[in-house]
Amino acid sequence: QVQLVESGGGLVQPGGSLRLSCAASGFTFSRYAMSWYRQAPGKERELVAAITSAGGSTNYADSVKGRFTISRDNAKNTVYLQMNSLKPEDTAVYYCNARRSTTFLNYEYWGQGTQVTVSS
């Protein structure tokens, strides 16, 4: 049974930090690219950060570059999102995503999301 379980969300003041974690199970984690997405009320889900299967390459949305860092630990089947200098506009539900493409099939899994609220 595939599971992606996010944790670490919560309420934080502007300028503060949070570290999100996503624990994966039920599939070969090290073969999957991992991403964090977010969705604010009334807005479309957007890509925040992504990391390749071995962790050698990362990609970030312009809005979070220099503030957020994505990382992974393939031994622990976990991907992280370190969020610093948080702003009210970072408020959203954050989702973990796993994706793998083969010659004939695409595999994609989503977590249930964790709420991040940035407010004073």
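Residues numbered from 1 in each chain as written. Predicted model: local features only at pLDDT ≥ 70, side-chain atom pairs only at ≥ 80, totals over all residues. Heavy atoms only, no water.

### Describing the pattern of salt bridges
Per the stated rule, a full pass over the model turns up five salt bridges. A salt bridge links Arg38 to Asp90; its shortest N-O distance comes to 2.9 Å. Linking Arg38 in strand 4 (residues 33–39) with Asp90 in the loop between strand 8 (78–83) and strand 9 (92–101), this pair joins segments that are 52 residues apart in sequence. A relative accessible area of 6% means that Arg38 is categorised as buried. The shortest N-O distance in the salt bridge between Lys65 and Asp62 comes to 3.1 Å. When its relative accessible area of 49% is taken as the criterion, Lys65 is described as partly exposed. Classification of Asp62 as exposed rests on a relative accessible area of 65%. (Salt bridge = Lys/Arg side-chain N within 4 Å of Asp/Glu carboxyl O. Helix = DSSP H or I, 4+ residues; strand = E, 2+ residues; numbered from the N terminus. Buried < 20%, exposed > 50% of the residue type's maximum accessible area, 1.4 Å probe, protein only.)

### With respect to the side chain of Arg67
Among the structural elements, Arg67 can be located in the loop between strand 6 (58–60) and strand 7 (68–73). Within the structure, Arg67 has its side chain in polar contact with the backbone oxygen of Ser63 (distance 2.8 Å). Filtering out sequence-adjacent residues up to four positions away, Arg67 remains in contact with Gln82, Met83, Asn84, Ser85, Leu86, Lys87 and Asp90. (Polar contact = N/O pair within 3.5 Å; in protein donor to acceptor, adjacent residues only side chain to side chain. Contact = heavy atoms within 4.5 Å.)

### Focus on the nonpolar core
Met34, Trp36, Val79, Leu81, Met83 and Tyr94 are the most contacted members of the largest nonpolar core, which has 30 residues in total. Those elements that provide at least two residues to this core are strand 3 (18–25), strand 4, strand 5 (46–51), strand 7, strand 8, strand 9 and strand 11 (114–118). What Val79 contacts, discounting residues up to four positions off in sequence, is Leu20, Ser21, Cys22, Phe29, Met34, Trp36, Ile51, Ile70, Ser71, Arg72 and Cys96. (Core = buried A, V, L, I, M, F, W, Y, C linked by side-chain atoms within 4.5 Å.)

### Some points on the environment of Gly56
Position of Gly56 among the secondary structure elements: in the loop between strand 5 and strand 6. The exposed category is assigned to Gly56, whose relative accessible area is 75%. C-alpha separation for the pair Gly56 and Ser71, spaced 15 residues apart in sequence, amounts to 9.7 Å.

### Side note on the sheet that holds strand 1 (residues 3–7)
Strand order in this open sheet of four strands is 1-3-8-7, and the pairing throughout is antiparallel. Edge positions in the sheet fall to strand 1 and strand 7, since each has one partner strand and no second. Shown here is a sheet whose adjacent strand axes are inclined to one another by a mean of 15°, direction ignored. As defined by bridge partners, strand 1 adjoins strand 3 across five bridges and the pair is classed as antiparallel. Following the sheet pairing, Leu4 is matched in strand 3 by Ala24. (Pairing = 2+ DSSP bridges. Axes fitted to C-alpha atoms, helices over the stretch in contact; angles between N-to-C directions.)

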